[in-house]
Amino acid sequence: MFEEEVRRHIRFAPEPDWVKVQPFRRPPALDQSKAPYGFYTWLVDDQSRLDIRPSRYNRTIEEVVNLSSLSYLANVTLPFNPYYDDLTIHHIRILRGDEVIEVDVQSRYIVMRRERSFERLVLDGRWTLAITLPDVRVGDIIDTAMTLTGDPACFQGEFSVPVMLQNVIYWDRRYARLLVPPERQMYMQPFPLGWTEPKVSKLDDGYSEILFEADHVRECDFEDDAPGWVMPVRGAYASSIDNWPRVADVMRAGFEGDDDYPEGLLEVIRQIEADHKETKDRIVAAVRWVQESIRYFAFSFGEGGFVPRSLKEIFADRIGDCKDVSKMIAAMLTKMGVESWPALVDTKRGFDLINTQPRLGSFNHCISMCAHEGRMYWFEGTSDVAQGGDLDHMAQNDLGYALILKPGGDLIRMMEKAPGLDYEVREVIHLPDKKGEETLIEIDYIYRGARADGVRRELRHQSLTSYVEDRCALFSYIYGMNMCAIPQMVDDRRLNEITITTLVTTDNPWHTNGEARVFFSPESGFDYVLEEPEGRRRFPFDIGDVREGRITTLIKTALPLTWPDKAKIWDFGGLRLSFTPRQTAEGYEAVRDYTVLRPWLSADEKMALDRAYTEIGTYDRMSICVPPKPVATWRSGLVTRVAIWAGLPVAGLLVWLMSRFVLS
């Protein structure tokens, strides 16, 4: 789309009759503590008329409190998608005291195509109307009003609107209004933190008005490390849909009806069937072919963000986005006689979808699935490395709930994933008992499942030596001068397991603690799940995928050692840690395990983990002590010398008397 055509989708007009224009007069006082970013928000006004072609009106009134926000407020940018949006500018005004300065937007604006996601290999076709406001000063108030009209045709007239009643910044006034035509039904569900009950009334034209109003809306609490499904604000979802199968019907329409397999793709399918006799092996081969052969790139122009391209286009270009590759995997497996479908997921809020209002905007990603021998398998077609493992060992990413795009498809729980041992370290330490002898440390790093795929991804861009370079740097920090041998790797593609072996030698592994000598084991045990304590929490804590890890340390030495000799277990609900020591015929062995049972900890569980942080840290990186040899202190030595020198004369006298007695 060229600029001239884009400009035809931009209009300049007063607010439409259906909008209730809110009066504004600046109060005499402004609380600057409510403007931490240098601007103060007086009004956020959203009004939507939810016809088959919906219109969404927005007006914001913000004041320049200090220079830090001047560039932000003086440069207005309004993104829109001209493939289905019409943008109407109602006004941009500068309020300076009692003066109202109308900005001549029509003569000053420019449009530009800003592909903000290009670095992520996404072209969405969005354009931006931009205008630099003249002569903006501290104390000015910027009043902007505009309306977007339109929705993708593939939505079939259905709509969904999030109604935000709170934000990360303070709002002096919030006004949100929904107009629902009489022939349509509206379903609403509040966010977990609740909402302000709306006022609902019937207008003369038959429309239903749903109105939210609030003054002095405080900013929300926000924690960066909360799971993506946590909504830290108050508000609600509004939708014309009340069930997930209807969402599936709308979204799968773009995936259906494409049975025109290109001849080259049919040849690939025939070759896979010839090379692999077992169905499960054919499934893996098809998924890997897509992962290896189709490069990720998203052409999301117009409805391209919601509808995949044809099989012929995908195969010919060998590029595609998540919808394209998921469609390709499902098509190939279907041709092989395997039940397979694309599925929609939300990579951030997937675990909470079941508790939200069914709506079109619920998903941000597409994957594929298949059913084989009574089990469901899920595939990530956009993986930039071909996954390892046979069908039983191929990594399965649990994203919570998924909507399968098949007739009658519904929202289902993807899996109840049990923790698997995906990361393991085995370190054997040969500690000499004589000073100056070389210490040898043998370390095996074992990666399984998704962790093994991650290593393969890293090794596409660097050598194995450079991959372990950061660990060698850590060894230098711990032990000083050392030799780190060239690592060796074994990649078991069937079991999806990678083992990297390295050797470290050092002449002086010891640190001193008073008169004792201390040796630190090279690998920490729990820092993959530990975070610095942060005090009180309100929201859950994101701890990552369900998984297990184990670090086993074996120390071979004749030296007498002091070490933690009692087993210890910590249970924090979603996370379990354990320390298990034992004496073996080979030496001292300690096993540190962590098990993540679900991808988050509750606020209480995280605070309990924080309270135990210091104690757990003493077991994290093994500290092995060699106690000093006992030596006589000055006091005991003096007593000994006094006893000797005082006793010698007495002993001499006794000997002389005995000799006289015998001679006589």
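The structure we're discussing is the one just above.
Everything numeric here is computed off the predicted structure, so don't read it as measured data.

Student: How should the packing of aromatic side chains be read in this particular structure?
Tutor: In this description, an aromatic ring pair is defined by two values, namely the gap between the centres and the angle between the planes. The full count for this structure, using the stated rule, is 16 aromatic pairs. An angle of 65 degrees between the planes, with centres 5.8 Å apart, marks the rings of Trp244 and Phe363 as edge-to-face. Here Trp244 is found in helix α4 (residues 244-252), whereas its partner Phe363 is found in the loop between β20 (339-345) and β21 (365-372), with 119 residues between them in sequence. When its relative accessible area of 7% is taken as the criterion, Trp244 is described as buried. Here the aromatic rings of Trp289 and Phe315 are separated by 6.1 Å at their centres, their planes lie at 15 degrees, and the arrangement is stacked.

Student: I keep staring at the nonpolar core and nothing clicks. Help me out?
Tutor: Tyr447, Ile500, Trp570, Leu575, Leu577 and Ile616 are the most contacted members of the largest nonpolar core, which totals 45 residues. The contacts of Leu577, once residues within four sequence positions are left out, are Phe526, Val529, Lys568, Ile569, Trp570, Phe572, Asp593, Tyr594 and Ile616. If you look at the next biggest cluster of nonpolar residues, it comprises 30 residues, including Val268, Leu311, Val325 and Cys370.

Student: Whenever I open this one, the pattern of salt bridges confuses me. Can you help?
Tutor: Any two side chains of opposite charge can pair, given that their charged atoms come close. Evaluation of the coordinates by the stated rule reveals 53 salt bridges. Across the pair Arg8 and Glu4 runs a salt bridge, and its minimum N-O distance is 4.0 Å. Note on accessibility: Arg8 and Glu4 belong to one class, exposed. For Asp249, the salt bridge goes to Arg252, with nearest N and O atoms at 3.2 Å. Within this pair, Asp249 and its partner Arg252 are both found in helix α4, separated by three residues, close to a single helical turn. Members of the salt-bridge network, linked through shared partners, are Glu223, Asp225, Glu534, Arg537, Lys606 and Asp610.

Student: Is there a simple way to think about the sheet that holds strand β7 (residues 110-113) in this case?
Tutor: Hydrogen bonds between backbone groups are what pair the strands of a sheet, and the pairing can be parallel or antiparallel. In space, the three strands of this open sheet follow the order β4-β9-β7, with antiparallel pairing throughout. Where the open sheet ends on each side, the last strands, each with one partner, are β4 (75-80) and β7. Sheet twist, expressed as the mean angle between neighbouring strand axes with direction ignored, is 25 degrees.

Student: Please clarify how the environment of Ile500 should be interpreted in this entry.
Tutor: Residue placement: Ile500 occurs in strand β29 (residues 497-506). In the structure, Ile500 is positioned 55 residues away from Tyr445 in sequence and 5.1 Å away in space, judged by C-alpha atoms.

Student: In this structure, what is going on with the pairing of strand β2 (residues 39-49)? I would like to understand it.
Tutor: In regular strands, side chains alternate between the two faces of the sheet. With ten of eleven residues buried, β2 is to be regarded as a mostly interior element. Strand direction decides the pairing type here: β2 and strand β3 (residues 55-64), joined by ten bridges, are antiparallel. Each bridged residue has a counterpart across the sheet, and for Phe39 the counterpart in β3 is Val64. As judged from the seven bridges shared by β2 and strand β12 (residues 171-180), these two strands associate in the parallel manner. When the bridges of β12 are listed, Asp45 appears paired with Tyr175.

The rules behind the values
- Residues numbered from 1 in each chain as written.
- Predicted model: local features only at pLDDT ≥ 70, side-chain atom pairs only at ≥ 80, totals over all residues.
- Heavy atoms only, no water.
- Phe/Tyr/Trp six-rings, centres within 6.5 Å; stacked < 30°, edge-to-face > 60°.
- Helix = DSSP H or I, 4+ residues; strand = E, 2+ residues; numbered from the N terminus.
- Buried < 20%, exposed > 50% of the residue type's maximum accessible area, 1.4 Å probe, protein only.
- Core = buried A, V, L, I, M, F, W, Y, C linked by side-chain atoms within 4.5 Å.
- Contact = heavy atoms within 4.5 Å.
- Salt bridge = Lys/Arg side-chain N within 4 Å of Asp/Glu carboxyl O.
- Pairing = 2+ DSSP bridges.
- Axes fitted to C-alpha atoms, helices over the stretch in contact; angles between N-to-C directions.

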